[in-house]
Every structure is written in C-alpha cells, then in structure tokens.
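Report on the structure
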Amino acid sequence: MEITVDPVGLTPPYEQVRSQIEALIRGGELARGTRLPTVRQLSLDLGLAVNTIARAYKELEAEELVETRGRNGTFVLAFRSQTNDAATHTAAAQLAAAAHEAGMSLAEATEILNRAW
C-alpha cells in the first residue's frame, strides 16, 4: 500500500490518507480482509502524528470501509462491489431532485457532477 502526503497541500494530512486508502479499496487494490498497517506503523512510515492516522482510520470505519478489531488490527471490510452502496444512490437522488427543482436540464446536472468528480 503506497500512500503519499503533501505536507503543504490545502487538504489536511488525515484527509489525504483517508481518501487514498478509500481509493485503494474502491479501486479493488485493497481486497476485503486485507490488514492495514497499524496506526503507529503508518504514522512512522509517513512521518505523521499517530492521531492523524487514527483519525483517518476512524473516518474510514465510519464509512464502513474498514473495521478495527482491537489489538488484532484494522481490516478492509468493503470490496469493490459493496462500495456502490445506498449512500451513493441517495446522493444521486438528492442531486437529481435539487437540479430538477432549480429547473436544470439533465445535461446541466451531469456537468455539475462531472466537475465534482
């Protein structure tokens, strides 16, 4: 698992770590059941505070992408087909409703999604 952090970037380091791990999971590069490095080990590898990595892991856990099993470590829960979940469909429905309410065409709403992507 290769993760890099830009210490002078606009995105906070914990979010950089979280988003890269999420991308590895959603992209299928981290399979279900894969054990992630310990918080301490990843903090040493990246030169970040332990709390920074702990926050990234905690947010991934809140998204149900990983699970911490106490002293046994943190493991990938989701696999690629599971990441197309209800939250994504709900967000898409909300975008569609808001765009419709604003009188936008499908093309205009799609352009908004493309820019956000």
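Read on for a plain summary of the structure. (Residues numbered from 1 in each chain as written. Predicted model: local features only at pLDDT ≥ 70, side-chain atom pairs only at ≥ 80, totals over all residues. Heavy atoms only, no water.)

1. A word on the layout of surface pockets
Volume-wise, the second largest pocket comes out at about 210 Å³. Lining the second largest pocket are 14 residues, and of these V39, T68, G70, G73 and T74 lie nearest its centre. The class makeup of the residues in the lining of the second largest pocket is 5 nonpolar, 5 polar and 4 charged. (1 Å grid on protein atoms, 1.4 Å probe; cavity = no way out; pocket = protein on both sides within 12 Å on 5 of 7 lines; lining within 4 Å. Points joined across faces, edges and corners; volume = space filled by probe spheres on them. Nonpolar A, V, L, I, M, F, W, Y, C, P; charged D, E, K, R; others polar.)

2. Describing helix α4 (residues 86-101)
Because each turn of an α-helix spans 3.6 residues, side chains separated by three or four positions in sequence point in the same direction. The end-to-end C-alpha distance of α4 is 22 Å, a good match for the 22 Å that 16 residues give at a rise of 1.5 Å each. Phi turns positive, to about 80 degrees, at G103, one or two residues after α4. (Helix = DSSP H or I, 4+ residues; strand = E, 2+ residues; numbered from the N terminus. Expected span 1.5 Å × (residues − 1).)

3. Re the pattern of salt bridges
A complete count under the given rule lists 6 salt bridges for this structure. A salt bridge links E22 to R18, with the shortest nitrogen-to-oxygen separation between them at 2.5 Å. Of the two residues, E22 and R18 are both situated in helix α1 (residues 13-26); the distance of 4 residues between them amounts to about one turn of the helix. For E22, a relative accessible area of 16% puts it in the buried group. The structure contains a network of salt bridges with shared partners spanning E15, R18, E22, R26 and E63. (Salt bridge = Lys/Arg side-chain N within 4 Å of Asp/Glu carboxyl O. Buried < 20%, exposed > 50% of the residue type's maximum accessible area, 1.4 Å probe, protein only.)

4. What about the side chain of Q16?
Along the chain, Q16 falls in helix α1. Apart from the residues lying within four places of it in its own chain, the contact partners of Q16 are T4, V5, D6 and T11. (Contact = heavy atoms within 4.5 Å.)

5. Some thoughts on the nonpolar core
Ranked by internal contacts, the top residues of the largest apolar core, which has 17 residues, are V17, I21, I25, L30, L36 and Y57. Going through the elements one at a time, α1 and α3 (50-62) are the ones with two or more residues in this core. If sequence neighbours within four positions are ignored, L36 has contacts with M1, I21, L30, Y57, V66, T74 and V76. (Core = buried A, V, L, I, M, F, W, Y, C linked by side-chain atoms within 4.5 Å.)

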